[in-house]
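Summary of structural features
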Amino acid sequence: MYIVFLGAPGAGKGTQAATVAVELNLVHIATGDMFREAQKQETELAKQARFYMEKGELVPDEITIQMVLERIAAPDCENGVIFDGFPRTLKQAEALDEALEKQGKMIDSVVYIKVSEAELVERLGGRWICRQCQAPYHMVNSPPRTPGKCDRCGGELYQRPDDTPETVRERLRVYFAETAPLIDYYNRAGKLLEVGGEGSVDDVRERILVTLDKESVGQRE
Ligand code: AP5
């Protein structure tokens, strides 16, 4: 199964993709996490990614597409992937379709997690993430058991530099201009599954799993 998680910054893509991937035994590929991970070393990719991420803009397609295509060629992706934060432009979506087609595969479903703009801003303002494993927390909605420490790996929690109010505004603007058109792209392909992203993390996960299950039953019939 190859599934895309689509949604605005703060919609809960990362939170949900991490657990749904475990549940469905799929590899979780998050381009934002890959770029942040790369920044732990001073590579050329890291420098370029930081330049765009700090401003809330998208990293250029050529860089992002190459990084993802290299990742999906790895043997662990054979059984399926959840893409989180990719594709984000029409060009990325087409490149992904083309690359999968060459391997005799395709995107099966696109889970569009829908959340109101006011809720997105509130979530990003309260987010802390783990420096080591990138697990996201929220100071009010999903706090860690020990303040400042990751429940999963004990890593230090920090606030992302692109979660400042000004950069969040820019990220939302970029999302509506460049990524939201993918809703229509996948809807026309008959792959879009819309899921309400508000409510508890557990409720949203349950909604996603039920929706994906209904879809796969529908495809088998
Ligand atoms: P990326 O890291 O992908 O950021 P994003 O898409 O802006 O998404 P977020 O990580 O902000 O949100 P999310 O939907 O994952 O929400 P989360 O689960 O964390 O990308 C960062 C940058 O990298 C981009 O701006 C760009 O520069 C670059 N980049 C990445 N991919 C690229 C691409 N394909 N092309 C070009 N450039 C790219 O949850 C948010 C918060 O809400 C957390 O605090 C969480 O605890 C909380 N929360 C989650 N669910 C709930 C719930 N149900 N109720 C209450 N709170 C909740």
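Whatever comes next refers back to the structure up there.
In this report, we go over the structure that sits alongside the text. (Residues numbered from 1 in each chain as written. Predicted model: local features only at pLDDT ≥ 70, side-chain atom pairs only at ≥ 80, totals over all residues. Heavy atoms only, no water.)

Our next topic: the sheet that holds strand β2 (residues 27-30). The sheet built from 5 strands is open, its strands ordered β2-β3-β1-β4-β8 with parallel pairing. Edge positions in the sheet fall to β2 and β8 (192-196), since each of these pairs with one other strand and no more. Between one strand axis and the next, the sheet turns through 20° on average, direction left out of account. Note that strand β1 (residues 2-6) and strand β3 (residues 81-84) share 4 bridges and pair parallel. Paired with Val4 across the strands is Phe83, a residue of β3. (Pairing = 2+ DSSP bridges. Helix = DSSP H or I, 4+ residues; strand = E, 2+ residues; numbered from the N terminus. Axes fitted to C-alpha atoms, helices over the stretch in contact; angles between N-to-C directions.)

The ligand sits among 37 residues. The nearest are Thr15, Glu57, Arg88, Arg127 and Arg171. Contact distances for the ligand include 3.2 Å between an oxygen atom and a backbone N or O atom of Ala11. At 3.2 Å, a side-chain N or O of Ser142 approaches an oxygen atom of the ligand. Surface burial for the ligand is 96%, taken as the share of its 1000 Å² of free accessible area covered by protein chains. Elements that contribute at least two residues to the shell around the ligand include exactly α1 (13-24), α2 (31-38), α6 (117-125), β6 (136-138) and α9 (201-220). Element by element, the count of residues in the shell around the ligand is highest for α2, at 4 residues. Each residue belonging to the shell around the ligand can be placed in one class, and the counts come to 13 nonpolar, 15 polar and 9 charged. (Near = heavy atom within 4 Å. Polar contact = N/O pair within 3.5 Å; in protein donor to acceptor, adjacent residues only side chain to side chain. Areas by Shrake-Rupley, 256 points an atom, 1.4 Å probe, with all protein chains shown as cover. Nonpolar A, V, L, I, M, F, W, Y, C, P; charged D, E, K, R; others polar.)

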